Amino acid sequence: MIVLTLLAAVLVGVALAVLGGGGSILTVPILVYLAGQDPKQAIAMSLFVVGVTSAVGAVAHARAGRVRWRTGLVFGAAGMAGAYGGGRLAQFIPGTWLLVGFALMMIATAVAMIRGRREGVQAKPHGELPIGRVVAEGVAVGAVTGLVGAGGGFLVVPALALLGGLPMAVAVGTSLVVIAMKSFAGLAGYLATVHVDWTLAVLVTLAAVAGSLAGGRLAGRIPETVLRKGFGWFVLVMGGFVLAQQVPVAAWIVPVVLAAAGGGAWLVHLKRRKVTAGGGPE
């Protein structure tokens, strides 16, 4: 199982490098179901793995000029406060509840990825977010990250790309700076009450870093729409699996939810194709 865990960790690194997110969404299930870690231990360990991997990935993006430092550092600093608070709050919540929240976050994220941007939504021409908005969104995203170990990059990247007007590649690079800062803050909150298997954590981190370096070379070569939707479906299935494992009644509810979400996403896709083919309004 350790071999499977390390191979899966490589995928975590690739996801972070290419998408600017998805690290914890993959890492927590890997550590729980492949490495046999307790949910809270898995979340704490995932914060370390993702934090180090994101920091390494951010260096490569920075060298290529794909990091907006002022926005990233302000967002990250606000996110650290929220992540630390979320990590401390987690000690009062049962591990099963955390995994249920984690699974719901996965499903919501997957649906958003599959649907993509709405037609007519355009990025602003300037890249810096207002400081007040950066702080508010940073604290909120950080709290989610620290509490359930997820929601970092997949919330930060859309905020930077749509609200901040950053090009997608720059939003991905900048998000890695934010994710690294928030992950270490969330880890600090968890370490007050949770023991981490550092040997396993280091091994998984090394595998993820290797994947990140490989993924950095793939960035920009895979069509964004294909990658985003394919990864979205994968996360949707994983989220349904985690939810079914934690909530018995979900054994029959989850297939209905997944079918409804998939059907809705497919209808939206068909509608967009018709609008595009017919030259309808943008």
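Structure: above.
Not measured: the values here are computed from a predicted model. Throughout this document, residue positions are counted from 1 along each chain, in the order its sequence is written. Reporting in this predicted model follows two pLDDT cut-offs: at least 70 for local features of residues, and 80 or more for side-chain atom pairs to be given and counted; totals over whole chains, interfaces and linings ignore these cut-offs and use all residues. Processing note: side-chain calculations cover all non-hydrogen atoms of the structure and skip hydrogens and water entirely.

In terms of regular secondary structure, the protein is built from 11 helices and zero strands. Only runs of H or I of at least four residues qualify as helices and only runs of E of at least two qualify as strands under DSSP, and these elements are numbered from the N terminus. Along the protein, from the amino end to the carboxyl end, the secondary structure elements read α-α-α-α-α-α-α-α-α-α-α. Looking at the protein residue by residue over its 282 residues, the buried ones come to 48%. Only protein chains enter the accessibility calculation, which uses a 1.4 Å probe; a residue whose area is less than 20% of its type maximum is buried, one above 50% is exposed, and one in between is partly exposed.

A few words on the packing of aromatic side chains. Planes of paired rings set the category: under 30 degrees apart is stacked, over 60 is edge-to-face and the rest tilted, where pairs are Phe, Tyr or Trp rings (Trp by its six-membered ring) whose centres lie within 6.5 Å. Within this structure, the stated rule accounts for one aromatic pair. Between F48 and W198 the ring centres are 5.1 Å apart and the planes differ by 85 degrees, which places this aromatic pair in the edge-to-face class. Here F48 is found in helix α3 (residues 39-63), whereas its partner W198 is found in helix α9 (residues 198-218), with 150 residues between them in sequence.

Let us look at the environment of R115. Examined against the element boundaries, R115 turns out to sit in helix α5 (residues 95-115). Accessibility expressed as a relative area gives 40% for R115, which makes it partly exposed.

Once that is clear, we can look at the nonpolar core. Membership of the largest hydrophobic core comes to 51 residues, with the highest contact counts inside it found for V28, M45 and Y190. Secondary-structure elements contributing two or more residues to this core are α1 (2-19), α2 (23-34), α3, α5, α8 (168-191), α9 and α10 (224-246). Note on contacts: a residue pair is in contact if any heavy atoms of the two residues lie within 4.5 Å. Excluding its chain neighbours within four sequence positions, the residues that come into contact with Y190 are K40, I43, A44, L47, G87, A90, L98, G146 and L147. By nonpolar core we mean a set of buried residues, namely Ala, Val, Leu, Ile, Met, Phe, Trp, Tyr and Cys, connected to one another through side-chain atoms within 4.5 Å. Of all hydrophobic cores here, the second largest spans 11 residues; its members include V134, V156, L160 and V170.

Relative to each other, α1 and α9 sit at 40 degrees, their axes nearing to 6 Å. For the element pair α1 / α9, the angle class is oblique. The crossing of α1 and α9 is right-handed. Facing α1, whose interface residues are I2, T5, L6, A9, V10, G13, V14, A17 and V18, α9 presents L200, L203, V204, A207, A208, G211, S212, G215, G216 and L218. For this classification, Asp, Glu, Lys and Arg are treated as charged, while Ala, Val, Leu, Ile, Met, Phe, Trp, Tyr, Cys and Pro are nonpolar and the rest, including Gly, are polar. In terms of residue class, the contact of α1 with α9 is made up of 13 nonpolar, six polar and no charged. Lines fitted to C-alpha atoms define the axes, with helix axes restricted to the stretch in contact, and inter-axis angles between N-to-C directions lie between 0 and 180 degrees. Oblique is the label for any angle not under 35 degrees, not over 145, and not in the 65 to 115 range, which are roughly parallel, roughly antiparallel and roughly perpendicular in turn. Handedness of a crossing follows from how the near helix is turned relative to the far one, being left-handed for an anticlockwise turn of less than a right angle and right-handed for a clockwise one.

Nonpolar side chains (Val, Leu, Ile, Met, Phe, Trp, Tyr) are joined into patches within 5 Å and like charges within 9 Å, using only residues with over 30% relative accessible area and no salt bridge. For accessible areas, the Shrake-Rupley method is used with a probe of radius 1.4 Å. Any residue's cover is judged against the shown protein chains and nothing else. One speaks of a salt bridge when a side-chain nitrogen belonging to Lys or Arg is within 4 Å of a carboxyl oxygen belonging to Asp or Glu. Taken together, the side chains of M1, I2, V3, L4, L7, V202, L203 and L206 make up a nonpolar region of the molecular surface, amounting to roughly 760 Å² of accessible area. If you tally residues by element for the nonpolar patch, the top one is α1, at four residues. Relative to the assigned elements, L206 resides in helix α9. On the basis of relative accessible area, L206 is assigned to the exposed category, the value being 56%.

A few words on α3. For α3, which comprises 25 residues, the first-to-last C-alpha distance of 36 Å matches the rise-based estimate of 36 Å (1.5 Å per residue) to within 8%. Put simply, D38 is the residue that caps the front of α3, since its side-chain oxygen is 3.0 Å from the backbone nitrogen of K40. At the C-terminal side of α3, G65 shows a positive phi close to 75 degrees. Here, expected helix span is obtained from the residue count minus one, scaled by 1.5 Å. Polar contact is defined as a pair of N or O atoms within 3.5 Å, subject to the rule that within protein one atom must be able to donate a hydrogen and the other to accept it, and that residues adjacent in sequence are counted only when both atoms are side-chain atoms.

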